[in-house]
Amino acid sequence: MTDLTPDRLRQEALLLVPDVTLTPEGPLELHAVLVRDGVFHDVGPVERMVRTYPAPTPVRLPGHVLMPGFVDAHHHLTQSFGGALAFGEPSEIFRRVWVPLERALDEESAYVAAKLAALESLRGGFTTVAESGTRATVDVDVVASAARDAGIRCVLGLVCNDASDGTGQDADPRAVLAAAERHLAHYGDDDLVRASLAVSVPEAATAPTLAATARLAAEAGAVVQIHVNEHLVAVERSLVRHGLRPLEYLHQVGALGPQLLAAHATLLTPAEVTLLADGGAAVSYNPVASAWKGNAVAPATTFAERGIRFGLGTDGTRGDGFRLADAAEFAQRLTHGLASGDSSCGAGWTWWERATAGGADAVGLGARTGRVAPGAAADFLLVDVGGPEMQPSWDLPWELVRRGNRDQLTAVFVAGRLRLWRGWPPDWDGPALVRRAAELAPRVVRRAGVTRAHPTSVAARQRTAMSARAADQSHDASEAPPTAGTPSRAGAPAAGSVGTPEGSLTTAPLPAGPTPAFPAVPCRGGRR
Ligand SMILES: [Zn+2]
């Protein structure tokens with residue numbers, strides 16, 4: 001590989017000869033790939049390809065696998081400034097962190113946040129992201145520009161909420177649907193951006209609007225992205241309001257069909273699994289989001305068995321396709337495989353396929369991307385498998401899922417163009433973007449006024465230590481004559497106290513600690 005340079009990969013047409021090509025039929029050795037006009041023009045045995053195509057000069061890629069780029073079936077590009085602000089938070093973070101944060105974005109910061117997320121995604125091997133609808137008040141075309149400029153394929157959701165759901169105001173459904181129609185028509189010939197509609201959660205839109213968005217998207221061949229059955233509190237709200245669980249409600253109002261891309265779908269009854277299977281809807285299985293903020297893990301091995309369409313999504317947690325695929329398998333193993341003795345748990349192939357072609361299908365791009373095959377968009381990765389982590393190789397899909405790592409990515413291509421070379425864009429200044437984001441993010445977060453229920457991990461540790469000290473003092477005091485001001489009993493909650501990571505509460509007033517990075521003030525709410 002010493003003679004491989006980015007310039008050799010920045011040609012109009014490329015005849016690439018990796019050690020292994022990952023195709024829908026499986027890993028194939030001694031195969032070559034011709035990339036021309038942004039698509040895989042041909043894929044076949046090296047001997048035939050070289051004979052058939054005397055030009056361009058073959059680029060040999062020893063020690064490399066050529067595989068389709070990952071598809072992130074659920075993302076929020078304009079939430080990238082939040083990052084660890086959401087770590088340790090209880091569910092429905094959108095109310096306290098994400099909605100205020102996005103609504104504090106202006107045009108520049110929205111663009112930078114979205115481009116930052118797109119760059120992180122590309123660095124993690126994603127060549128497509130499904131952006132599930134920003135709540136920023138800027139034109140959604142700002143997000144499209146950021147994705148396009150970063151060079152990532154984007155399924156761009158437009159939020160079509162018309163019900164307040166207690167976080168904002170109702171909107172005129174006629175205006176919402178007119179905007180939806182304009183959005184669906186706007187990106188028809190765009191090379192990288194595909195329009196999509198979005199409803200934050202079923203309760204954020206009226207029944208007629210849910211039905212209308214489903215119809216508009218189906219007519220346009222687009223998807224409607226909706227967070228579905230993610231949190232227990234949301235399931236119970238739906239039950240109280242409609243007597244139906246969220247997915248059942250979508251079915252009742254005519255919004256459950258092949259156009260639906262249901263994000264999460266973690267808290268499902270067997271009947272709802274059947275609704276998904278019968279309705280032809282797709283799911284974004286988001287295992288890292290489940291672990292970090294959810295109430296359950298989606299039954300993805302059951303989805304696979306029942307023929308339910310699904311891909312993998314990050315939900316903006318971290319843009320690393322390898323770690324996502326690993327988490328997808330790992331979460332199934334912990335929640336289902338161990339209990340049933342299912343040592344295969346889908347095998348490597350299930351999770352690798354769901355991270356690529358399955359995701360492309362779920363986001364409505366199954367005919368366009370997600371596989372290395374003639375006619376498909378040339379969205380692919382060159383993965384260095386020459387290191388000790390990947391050798392000797394016995395089962396490449398398993399190895400990529402369990403041992404693959406983004407630092408093995410030599411190159412990332414989208415639509416046949418080199419977008420990243422060893423982690424950074426060859427055509428634009430990636431480090432400068434990261435620096436600009438670091439300047440803008442603190443300002444945005446300050447004016448957003450987010451509310452956090454959990455302190456930073458450092459503060460949480462200090463609180464734990466202080467709780468322990470308070471308990472010791474209380475214990476000492478109980479053995480000594482009482483003095484004024486000594487708490488009479490430890491362990492009872494005190495108003496305003498904050499839970500520690502261990503969940504303990506304290507009655508002792510907490511000594512003044514370090515100033516939190518971001519003061520906890522009520523969020524301003526707003527329409528999602
Ligand atoms: Zn989400």
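Since the model is a prediction, treat every value here as computed from it, not as a measurement. (Residues numbered from 1 in each chain as written. Predicted model: local features only at pLDDT ≥ 70, side-chain atom pairs only at ≥ 80, totals over all residues.)

Q: Let's hear about the overall build of the chain: which residues, and what values?
A: Of the regular secondary structure elements, the chain holds 16 helices and 16 strands. Within the chain, contacts between residues at least 6 apart in sequence are counted, and of these 76% link residues at least 24 apart. (Helix = DSSP H or I, 4+ residues; strand = E, 2+ residues; numbered from the N terminus. Contact = placed C-beta atoms within 7 Å.)

Q: Please give an account of unusual backbone geometry that cites residues and values.
A: With an omega dihedral of 0°, the bond running from A55 to P56 counts as a cis peptide bond. As for its position among the elements, P56 is in the loop between α1 (46-52) and β5 (58-68). Of note, the bond from Q391 into P392 is cis; its omega dihedral lies within 30 degrees of zero at -5°. As for its position among the elements, P392 is in the loop between β14 (380-384) and α14 (396-403). The phi dihedral of A265 is positive, around 45°, even though this residue is not glycine. Position of A265 among the secondary structure elements: in the loop between β11 (260-264) and α9 (270-279). On the neighbour-count criterion, A265 (30 C-beta atoms within 10 Å) is buried. One non-glycine residue, R422, lies in positive phi territory at about 45°. Following the sequence through the fold, R422 ends up in the loop between β16 (417-421) and α15 (430-448). (Buried ≥ 20, exposed ≤ 12 C-beta atoms within 10 Å, placed from the backbone.)

Q: Mind laying out the nonpolar core, listing which residues take part and the relevant values?
A: Membership of the largest hydrophobic core comes to 153 residues, with the highest contact counts inside it found for A118, A147, L261 and V283. For this core, the element with the highest residue contribution is helix α3 (residues 107-123), accounting for ten residues. Leave out the neighbours within four places in its chain, and A118 touches L77, V129, A146, A147, A150 and I152. (Core = buried A, V, L, I, M, F, W, Y, C linked by C-beta atoms within 7 Å.)

Q: Go over the packing of α3 against α15, please, and point to the residues and values.
A: Between α3 and α15, the shortest axis-to-axis distance is 9 Å and the interhelical angle comes to 130°. The pairing of α3 with α15 is recorded here as oblique in orientation. Classified by chirality, the crossing of α15 by α3 is left-handed. Counting all contacts with α3, which are made through S109, V112, A113, K115, L116 and L119, the residues of α15 involved are G430, L433, V434, R436, A437, L440 and V444. For the contact of α3 with α15, the class distribution of residues is nine nonpolar, two polar and two charged. (Axes fitted to C-alpha atoms, helices over the stretch in contact; angles between N-to-C directions. Parallel < 35°, antiparallel > 145°, perpendicular 65-115°, else oblique. Left-handed = near helix turned anticlockwise from the far one by under 90°. Nonpolar A, V, L, I, M, F, W, Y, C, P; charged D, E, K, R; others polar.)

Q: A description of α14 should follow, citing residues and the corresponding values.
A: Within the span of α14, buried status applies to L396, P397, L400 and V401. Seen end-on, α14 carries its buried residues on one side only, within an arc spanning 135°. Packing partners of the buried residues in α14 comprise β1 (13-23), β2 (26-29), β5, α12 (321-340) and α13 (347-362). (Arc of directions from axis to C-beta.)

Q: Requested: an account of the environment of R135, with residues and values cited.
A: As for its position among the elements, R135 is in the loop between β7 (126-131) and α4 (141-150). R135 sits 23 residues away from L158 along the chain, and the two C-alpha atoms are 9.1 Å apart.

Q: An account of the sheet that holds β11 is requested, with residue identities and associated values reported.
A: Across the sheet, eight strands lie side by side as β6-β7-β8-β9-β10-β11-β12-β13; this open sheet has parallel pairing. Edge strands, defined here as strands with exactly one partner in the open sheet, are β6 (70-75) and β13 (309-312). Averaged over all adjacent pairs, the angle separating strand axes in this sheet is 25°, with direction ignored. Sheet topology note: the β11/strand β12 (residues 282-285) ladder contains three bridges and is parallel. Residue pairing in the sheet places A262 in a bridge with V283 of β12. Helix-sheet contacts for α4 involve β7, β8 (153-159) and β9 (193-199), and the interaxial angle to β8 is about 170°. Lying over the sheet, α13 contacts β6, β7, β11, β12 and β13, oriented at roughly 125° with respect to β13. (Pairing = 2+ DSSP bridges.)

Q: Give a detailed account of α4, specifying residues and quantitative values.
A: For α4, the complete set of buried residues consists of V142, V143, A144, A146, A147 and A150. Its buried side turned inward, α4 meets α3, β7, β8 and β9.

Q: Residue-level account of the confidence of the model for the chain, with values.
A: Averaged over every residue, the pLDDT of the chain is 89; the share at 70 or more is 89%. Low pLDDT (under 50) marks residues 481-528, which in the prediction has 81 contacts with non-local residues, meaning those over four places away or in another chain. (pLDDT = per-residue confidence, 0-100.)

Q: Explain the pairing of β7 residue by residue, including any values.
A: Sheet faces and side chains relate simply in a regular strand, where the side chains alternate between the two faces. Taking burial as the measure, the six residues of β7 include six buried ones, the bulk of the element. Bridge count for β6 against β7 is four bridges, and the pairing is parallel. Residue V71 lies in a different strand from β7, and its bridge partner there is T128. By the bridge criterion, four bridges tie β7 to β8 in an arrangement that is parallel. Directly across from E131, in β8, lies its bridge partner L156. The handedness of the β7 to β8 crossover, carried by α4, is right-handed. (Right-handed = clockwise from strand over helix to strand, strands pointing away.)

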